[in-house]
Amino acid sequence: MPTVSAHVALTLAQHIDAVFGVMGNGNAYFLDALEKQTDAVFTAVRHEQGAVVAADAHFRASGRIAAGTSTYGAGFTNTLTALAEAVQAHVPLVLVVGDEPTSGPRPWDVDQIALASAVGARTYTVGRADAAATTVIAIEHALTYRVPVVLAIPYDVAALEAGEVPPAPSPRIPAPLAPRGEYAEGMLNEIAQALRAATRPFLLAGRGAWLADAGSALGELAALTGALTASSALGRGVFPDTQYDLGVTGGFGADRAMELIRSADVAVVFGASLNQFTMRFGELFAPGTRVFQIDIAPTATHPHVGGFVRADARVAAEQLVKRLRDRDPSTSSGTHSNDGSVRWIAEPVEAPWRETVDVAAARTYAHGDELAADGRLDPRSAARRIAELLPQDRVVVSDGGHFIGWANMYWPVAAPDRMMMVGTAFQSIGQGWPSVVGAALARRDSTIVLTSGDGGGLMAISDLESAVRAAAGRGIAVIWNDAAYGAEVNLYGLKGLAEGPMRIPEVDFAAFGAAVGAEGVVVRTLADLDRLGEWAREDAASRRFLLLDLRISGDVIAPYQQEIIRVNS
């Protein structure tokens, strides 16, 4: 007869096809049922944090919810940083864990419900009679509120026979949030009027716009208004027309592009949280810019927002398009015809703002030198050369650290689900390697490119093997190796604090990679990157995972970090 754990596995597998984790006492029966009785694919990682990270990256790369799994106690506590990141980043996933027996905790048990709650995740605990229904409720909660949930199986319940698995309804997914009420309708009218009257309109979109599938509507809105566009770091590529797109806003943005944004007279923001980095610490818009925001958050997320509509980005964009197409006659001049009717004539307009500026030039970043003053590789020139050589089908996954500026500035991607930054929401590092695992399973026809620093790379080194195994010849890792925790050196070393704790002995990541089956290349000059070009032309089925160990200079500070230094000082 099926066990409680089998009820969880069989029900979960109806809605989730990818599970990542580490096996232990608490989830042994669950994994046994998953492997023997379902078609779900289980991928082993080497650290429990990696289980959650891989499930997180899988969703970001595909939009499909995935699951992680760990045992109880120490296995569960190992997941907490990654769980907090998924909460902060609004990523739905299910973490299936063992838990203390129903009779009470043992010496090695901890209060897992309290720990999960502390980082913002809700726990659902299954019983003998309700395991299937509880599993569906957990999935529904994750998808409805876009958060991770913990699904706990008590140790003394896991192997109990529970009868045949009952049919369970599919999780309910809420409809897109439509604008409601007179205020919302009036504010949409005001936004439409502002865009119609604007001489320098600007549209900004974030990851929320991508999740809402708003790209097509936003592209139409930009064309109707003649607006320049840009995105947050997590929304790059959401606008279908790149000809008039200024790229990423904030510290990752090009200086001339940011100057153009400051000259906008009307800005409308769709599905972007307007955090301090996107907003350049409050300096993205000029004081005279009228800023409107459309988001599913309860209220405006920045004090510079002058008008707010709570709504799904796609729904709101489509309604704005309709308002602009159904032009209000009061905004045009009219003439009376012989039959007494009024024929409305649109006021003559000059060429749209976006056609009067050199967008391509505005998006240009500094080229850098081959070598910095200290004789080590200049990360700017290295990033630019790597961009020339990377396959076009790439999906970029980023760890956290000082180096995040280089990939975000120099490596364009086709859509938001092709660039993910796992760790930055919670300001954590060490989640890069397992991100490759989740992305590789989600995007089986793409090249997965990891960008990581030496600090984060070492912190998560247990899942280097997992990344190489999962991505194989479709995987590339670029390690920005400056023998330091670069962000700390820049923020605190420059203030005169002791640098000993900020420094790392130079590690041979190429050798690390070779030890687990990858091809490792130490890169000290731009010519050493030619191997990447050769690798890209080889058959993915026969080539090995490529690890590029870039010996870069820590003296070249990323522009976004310079902003942080300026603000903190």
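(A) Just the overall build of the protein chain, in detail. The secondary structure content of the protein chain amounts to 22 helices and 20 strands. Here the C-alpha atoms of the protein chain give a radius of gyration of 26 Å, agreeing with the 25 Å that 2.2 N^0.38 yields for 569 residues. In terms of overall dimensions, the protein chain has a C-alpha envelope of 85 × 65 × 50 Å along the principal axes. Counting across all 569 residues of the protein chain, residues that qualify as buried make up 58%.

(B) Up close: unusual backbone geometry. With a phi angle near 60°, Asp213 is a residue other than glycine that sits in the positive phi range. Within the secondary structure layout, Asp213 lies in the loop between α9 (207-211) and α10 (215-225).

(C) Quick peek at helix α7 (residues 131-145). With 15 residues, α7 should cover 21 Å at 1.5 Å per step; its first-to-last C-alpha distance of 21 Å lies within 8% of that length. Within α7, burial applies to Ala131, Ala132, Thr134, Thr135, Val136, Ala138, Ile139, Glu140, His141 and Ala142. The inward-facing, buried residues of α7 contact α1 (4-12), β4 (93-99), β5 (122-125) and β6 (148-154). Following α7 by one or two positions, Arg146 adopts a phi angle in the positive range, close to 55°.

(D) Representation of the packing of helix α8 (residues 181-197) against helix α12 (residues 313-325) within the structure. Where α8 contacts α12, the axes come no closer than 10 Å and their chain directions differ by 60°. As judged from the angle between their axes, α8 and α12 are oblique. For the crossing formed where α8 meets α12, the hand is right-handed. Contact with α8, carried on its side by Glu185, Leu188, Asn189, Ile191, Ala192 and Arg196, involves Ala316, Gln319, Leu320, Arg323 and Leu324 of α12 and no other residues of that element. Across the contact of α8 with α12, the residue classes break down as six nonpolar, two polar and three charged.

(E) Structural detail: the nonpolar core. Within the largest apolar cluster, 67 residues are counted, with the highest numbers of intra-cluster contacts made by Phe202, Leu246, Trp411, Trp480 and Leu550. Sequence-distant contacts of Trp411, that is, excluding residues within four places in its chain, are made with Ala383, Ile386, Ala387, Leu390, Arg394, Val396, Trp406, Met419, Val449, Thr451, Val478 and Trp480. In terms of nonpolar packing, the next biggest core, distinct from the first, is built from 54 residues, Val22, Leu93, Val150 and Val507 among them.

(F) Representation of the sheet that holds strand β1 (residues 18-21) within the structure. Strand order in the open sheet formed by six strands is β2-β1-β3-β4-β6-β5, with parallel pairing between adjacent strands. Single-partner strands in this sheet number two, and they are β2 (41-44) and β5. Going across the sheet, the axis of each strand differs from the next one's by a mean of 25°, ignoring polarity. Two elements, β1 and strand β3 (residues 67-70), share three bridges in a ladder whose sense is parallel. The residue of β3 that forms the bridge with Phe20 is Gly68. Lying over the sheet, helix α3 (residues 48-62) contacts β1, β3 and β4, oriented at roughly 155° with respect to β1.

(G) Region of the structure containing the sheet that holds strand β17 (residues 447-453). Across the sheet, which stays open at both edges, the six strands sit in the order β16-β15-β17-β18-β20-β19 with parallel pairing between neighbours. Sheet topology places β16 (419-421) and β19 (519-523) at the edges, where each strand pairs with a single neighbour. Across the sheet, the axes of successive neighbouring strands diverge by a mean angle of 15°, strand direction being ignored. Relative to strand β20 (residues 546-551), β19 runs parallel, the two sharing five bridges. Residue pairing for β20: Glu519 is matched across the bridge by Leu546. On the sheet, helix α16 (residues 432-442) packs against β15 (394-398), β17, β18 (475-481) and β20 and is oriented at approximately 165° with respect to β17.

(H) The arrangement of empty space enclosed by the protein in detail. Under the criterion given, the structure shown has one cavity of 30 Å³ or more. The space that makes up the largest cavity amounts to roughly 40 Å³. Lining the largest cavity are Asp482, Ala484, Gly486, Val489, Asn490, Arg503 and Gly554. Counted by class, the lining of the largest cavity contains two nonpolar, three polar and two charged residues.

(I) Molecular detail of the environment of Tyr155. The residue Tyr155 is located in the loop between β6 and α8 in this model. With 83 residues separating them along the chain, Tyr155 and Tyr72 place their C-alpha atoms 8.6 Å apart. Aside from chain neighbours lying at most four places away, what touches Tyr155 is Asn25, Tyr72, Asp99, Glu100, Pro101 and Arg106.

Conventions we followed
- Residues numbered from 1 in each chain as written.
- Predicted model: local features only at pLDDT ≥ 70, side-chain atom pairs only at ≥ 80, totals over all residues.
- Heavy atoms only, no water.
- Helix = DSSP H or I, 4+ residues; strand = E, 2+ residues; numbered from the N terminus.
- Rg over C-alpha atoms; globule rule 2.2 N^0.38 Å.
- Buried < 20%, exposed > 50% of the residue type's maximum accessible area, 1.4 Å probe, protein only.
- Expected span 1.5 Å × (residues − 1).
- Contact = heavy atoms within 4.5 Å.
- Axes fitted to C-alpha atoms, helices over the stretch in contact; angles between N-to-C directions.
- Parallel < 35°, antiparallel > 145°, perpendicular 65-115°, else oblique.
- Left-handed = near helix turned anticlockwise from the far one by under 90°.
- Nonpolar A, V, L, I, M, F, W, Y, C, P; charged D, E, K, R; others polar.
- Core = buried A, V, L, I, M, F, W, Y, C linked by side-chain atoms within 4.5 Å.
- Pairing = 2+ DSSP bridges.
- 1 Å grid on protein atoms, 1.4 Å probe; cavity = no way out; pocket = protein on both sides within 12 Å on 5 of 7 lines; lining within 4 Å.
- Points joined across faces, edges and corners; volume = space filled by probe spheres on them.

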